[in-house]
Amino acid sequence: MERQKSIMERQKSMESGLLRKSLSIRERKHPNEDGYLETGLSSKRHKEVKKHHNEDGECCVTTSVCLITFIVVTGSFCVGCGTGYSSVAQHGIVSDLSLSVAEYSMFGSIMTLGGLIGAVFSGKISDVLGRKRTMFLCEAFCATGWLCIALAKDALWLDCGRFLLGIGVGIFSYVIPVYIAEIAPKHVRGSFVFANQLMQNFGLSLFFIIGNFISWRFLSIVGMVPCVLHVVCLFFIPESPRWLAKFGRDKECRASLQQLRGHDVDISQEANSIKDTMDFSQQSGETGFVELFQRRYVFPLIIGVGLMLLQQLSGSAGVIYYASSLYERGGFPSAIGTSVMATIMVPKAMIGTIIVDKMGRRTLLMSFGILPELTPLFTFISVLIFPMNVKVSAGTLVTVTNWACGWIITFTFNILMQWNASGTFLIFSSVSAVSIVFIYFIVPETKGRSLEEIQTLLSNSVH
C-alpha cells in the first residue's frame, strides 16, 4: 500500500508539471546534473539555441526529422502496394490459375488474416526489438511474400505469399505510427503521422494504375522494389528516443533526440520529460493484458477499440480490396474506375496531411467519415492515448481489433454483395453515421499536446 501511495503521489506531481508545461523535476532540482542536463553548450550558446524554437517554446521541424519520417513511411508505401494488389490482379490471377470466386476471396482476404497475426505480436515485437529493427523484420516478411506470389503455380502458393505479406503489413500498421508519434514535434505530429497515409495512398494509387498495363506476376516483382529500398534506408535512421529511454539507454536517447531536433538545439527539457515519464512507467510496472481492463483504462480503451471497430465495419476495406469487381458488376470499365480512384486518393490524403494539425484530429475524423485512408490516424490516436506501461497490451488489442474485423469484412464482402448489394451498402453507411456520433461525443482532441500530456489528461478523466 505504501508503494502504491508513493507511486500515486509521484504521478500527481508529474501530472501537475506536464499540464503547466513547466520544467521537469530533474531540471528544477539539479540544473547541472551531467546525466541529463549537460549538453556541452555554454550559457552563451544556450541563449543562441533559442532561435531554433518557436515563440511558444516548441522545437522547430528540422530537415533531419522530415527526412527520417519520409524514410519510415516508405514502409507505408509498401502497405499501399499490398492493399491495392488484389483488386487489379484479380482478372489475371483468376484466368491464369483458374481460381473460383471463393478461392480468390480467400486470397484477397488472407492478407488481413496475416495482418491479424502480425498485430497480435506487433506491440511485443516492437517493444523487444525496438522500432527500427521491427521495421527490418516487416520488410523481410513483405519481400518474401511478394516473391511467393510472383512464383506461384497454384492457390496455395498465392495464399502463403499473401499471408506473409499480411504479417509484415500488420506489424507495420503498429510500428510506423508509433515511431513517427515518438519522434515528431507535437505541434506537427498529426501531419507527420498522416504522411504515413499519404505514402500508403501513393502505393495504392500506383498499383491501381500500373496494374491495368502489366501482368500480375510482374506487378508482384514491382512490389518488392520499395521493400528493398526501405531496408537500405533504414540503416540511416535513429532508434526512437522514447524506446531508448524506456530501457535506460540515456546517452543513446539524447543522441537520437539531438539528431532529430538539430545539433544546435538544447534538448534538455524534452529529454528530462521523457526520462521522468519512463521512470514512472518502470515503477508502475508493465501492465498485462488482463490488467488492461481496469477502471482507469476504460475510457482510452473504448476510444481505441471503438475507432477500429467502426472503421472496419463501415466496409471500407472490402471496397478497396475488390474495387475492380465492383466496377465490373456496375457495368463500368474497371481500368477507368480504378484509375479515377487512384487519381482522387493522393490529393485527398495530401489535404488531410496539410489540415490535420489545423483542424484537429477529432474534427477531421468527423469530416472525412470512416475511410481506409484514416487507418494510420486511428492507430496513432488509439496508441498514443495509453500510458507507457500499457502501450504494448493496448496497442496490440486495438490493432488486433482492426485486422480481425478487416478479415471478416474482406472475406464476406463478395458474399454480401451476392446477397443484396443495396442492403450491404445501406448497412455500411449506417455504421459510418454511427461513427460520427461516436467521435463527436467520445473521442477527445489531441491537437497541440505532447504524448505525456495526452496520457495525463485521459488518466485524470476517469478519477
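Residue numbers here run from 1 along each chain, matching the order of that chain's written sequence. Two thresholds apply to this predicted model, a pLDDT of at least 70 for residue-level local features and 80 or more for giving and counting side-chain atom pairs, whereas whole-chain, interface and lining totals are computed over all residues. The side-chain numbers reported here are obtained from all heavy atoms of the structure, hydrogens and water having been left aside.

Caption draft 1: How the structure looks around the overall build of the chain. When helices and strands are counted, the chain shows 23 helices and zero strands. For each residue, the accessible area found with a 1.4 Å probe, counting protein chains only, is set against the maximum for its type, and the residue is called buried under 20%, exposed over 50%, and partly exposed in between. When each of the 463 residues of the chain is scored for burial, the buried share is 57%. In this description, contact between two residues means that some pair of their heavy atoms is separated by no more than 4.5 Å. Long-range pairs, those at least 24 residues apart, make up 81% of the contacts in the chain between residues at least 6 apart in sequence. Summing over all exposed atoms, the chain offers an accessible surface of approximately 19,400 Å²; the carbon and sulfur share of this is 66%. Every helix listed is a DSSP run of H or I at least four residues long, and every strand listed is a run of E at least two residues long, numbered separately from the N terminus. Only the protein chains shown count as cover for residues, and all accessible areas are computed by the Shrake-Rupley method using a 1.4 Å probe.

Caption draft 2: Structural detail: the pattern of salt bridges. Salt bridges are defined as contacts in which a side-chain nitrogen from Lys or Arg sits within 4 Å of a carboxyl oxygen from Asp or Glu. Tallying each qualifying case throughout the model produces five salt bridges. When the shortest N-O distance is used, the salt bridge between Asp 250 and Lys 275 registers 3.2 Å. Within this pair, whereas Asp 250 is found in helix 13 (residues 250-261), its partner Lys 275 is found in helix 14 (residues 268-284), the two being separated by 25 residues in sequence. You can call Lys 275 buried: its relative accessible area is 10%. For Arg 261, the salt bridge identified is with Glu 270, shortest N-O distance 2.9 Å.

Caption draft 3: Structural detail: unusual backbone geometry. Positive phi values are uncommon outside glycine, yet Ser 98 reaches one of about 55°. Within the secondary structure layout, Ser 98 lies in the loop between helix 6 (90-97) and helix 7 (101-129).

Caption draft 4: Focus on the packing of helix 8 (residues 131-150) against helix 9 (residues 155-183). Axis lines are fitted to C-alpha atoms, over the contacting stretch for helices. Their N-to-C directions set the angle, which ranges from 0 to 180 degrees. Contact pair helix 8 / helix 9: the axes reach a minimum separation of 7 Å and the direction vectors enclose 155°. When the axis of helix 8 is compared with that of helix 9, the two are roughly antiparallel. Between helix 8 and helix 9 lies a crossing of left-handed hand. Roughly parallel means an angle under 35 degrees; roughly antiparallel, over 145; roughly perpendicular, 65 to 115; everything else is oblique. Two helices crossing with the near one rotated counterclockwise from the far one by less than a right angle form a left-handed crossing, whereas a clockwise rotation gives a right-handed crossing.

Caption draft 5: Representation of the state of the cysteines in the model. Our working definition of a disulfide is a cysteine sulfur pair at a distance within 2.5 Å. Across all of its chains, the model carries zero disulfides by this definition. Looking at Cys 138, it has no disulfide partner, and the nearest cysteine sulfur is the one in Cys 142, 6.5 Å off. Not part of a disulfide, Cys 227 finds its nearest cysteine sulfur in Cys 78, a span of 3.9 Å. Classification of Cys 227 by relative accessible area gives buried; the value is 1%.

Caption draft 6: Up close: a nonpolar patch on the surface. Nonpolar side chains collect at one region of the surface, where Val 228, Val 232, Phe 235 and Phe 236 lie side by side and expose about 450 Å² of accessible area between them. Here Val 228 lies in helix 11 (residues 216-234). Like charges are joined within 9 Å and nonpolar side chains (Val, Leu, Ile, Met, Phe, Trp, Tyr) within 5 Å, but only among residues with over 30% relative accessible area and no salt bridge; these make up the patches.

Caption draft 7: Up close: the side chain of Arg 242. With respect to the helices, strands and loops of the structure, Arg 242 is situated in helix 12 (residues 241-246). Within polar-contact distance, the side chain of Arg 242 engages the backbone oxygen of Glu 182 at 2.8 Å. Distance and chemistry together define a polar contact, namely a pair of N or O atoms within 3.5 Å, with one atom able to donate a hydrogen and the other to accept it when in protein, and with adjacent residues in sequence counting only for side-chain atoms on both sides.

Caption draft 8: Seen up close, the packing of aromatic side chains. Two aromatic rings, drawn from Phe, Tyr or Trp (for Trp, its six-membered ring), form a pair once their centres lie within 6.5 Å of each other, and the interplanar angle then sorts them: stacked below 30 degrees, edge-to-face above 60, tilted otherwise. Using the criterion set out here, one finds 12 aromatic pairs in the structure. Ring centres of Tyr 85 and Trp 146 lie 5.2 Å apart, and the angle between their planes is 80°; this geometry places the pair in the edge-to-face category. Residue Tyr 85 is located in helix 5 (residues 74-88), and its partner Trp 146 is located in helix 8; the two are separated by 61 residues in the primary sequence. We classify Trp 146 as buried; its relative accessible area is 0%. Where Phe 413 meets Phe 428, the ring centres are 6.2 Å apart and the plane angle is 5°; that geometry is what we call stacked. Of this pair, Phe 413 sits in helix 21 (residues 391-419) while Phe 428 sits in helix 22 (residues 421-441), and the two are 15 residues apart along the sequence. With relative accessibility at 0%, the residue Phe 413 sits in the buried group. Joined through ring pairs, the aromatic side chains of Tyr 85, Tyr 104, Phe 107, Trp 146 and Phe 207 make up one cluster.

Caption draft 9: Spotlight on helix 15 (residues 298-313). Multiplying one less than the number of residues by 1.5 Å gives the expected span of a helix. Here helix 15 contains 16 residues, and its C-alpha end-to-end distance of 22 Å stays within 8% of the 22 Å for a straight helix at 1.5 Å per residue. What helix 15 keeps buried is the set Pro 300, Leu 301, Ile 303, Gly 304, Val 305, Gly 306, Leu 307, Met 308, Leu 310, Gln 311 and Gln 312. Positive phi appears at Gly 315, one or two residues downstream of helix 15, with a value of about 80°.

Caption draft 10: Structural context of the nonpolar core. If you look at the biggest cluster of nonpolar residues, it comprises 70 residues, and the most contacted ones within it are Tyr 85, Ile 93, Met 135 and Leu 158. Considering every element that reaches this core, the biggest residue donor is helix 9, with 14 residues. If near-sequence neighbours (up to four positions away) are discounted, Met 135 is found in contact with Val 72, Phe 172, Val 175, Ile 176, Tyr 179, His 230, Leu 234 and Ile 237. Counting 10 residues, the second largest nonpolar core, distinct from the first, contains Ala 245, Leu 257, Val 265 and Met 278. In these notes, a set of buried Ala, Val, Leu, Ile, Met, Phe, Trp, Tyr and Cys residues joined through side-chain atoms within 4.5 Å is what counts as a nonpolar core.

Caption draft 11: Geometry of the environment of Glu 252. Locating Glu 252 in the fold gives a position in helix 13. For Glu 252, a relative accessible area of 39% puts it in the partly exposed group. When the C-alpha positions of Glu 252 and Pro 238 are compared, they lie 9.2 Å apart, and in sequence the two are 14 residues distant. A distance of 2.8 Å separates the side chain of Glu 252 from the side chain of Arg 249, its partner in a polar contact.

Caption draft 12: Fine view of the side chain of Thr 83. Along the chain, the position of Thr 83 falls in helix 5. When its relative accessible area of 11% is taken as the criterion, Thr 83 is described as buried. Side-chain polar atoms of Thr 83 contact the backbone oxygen of Val 79, separated by 2.9 Å. What Thr 83 contacts, discounting residues up to four positions off in sequence, is Met 111, Arg 162, Gln 200, Leu 204, Ile 320 and Tyr 321.

Caption draft 13: Examining the environment of Leu 129 more closely. Note that Leu 129 resides in helix 7. Counting along the chain gives 114 residues from Leu 129 to Trp 243, while the straight-line C-alpha distance between them is 9.8 Å. Aside from chain neighbours lying at most four places away, what touches Leu 129 is Thr 134, Leu 137, Glu 239 and Trp 243.

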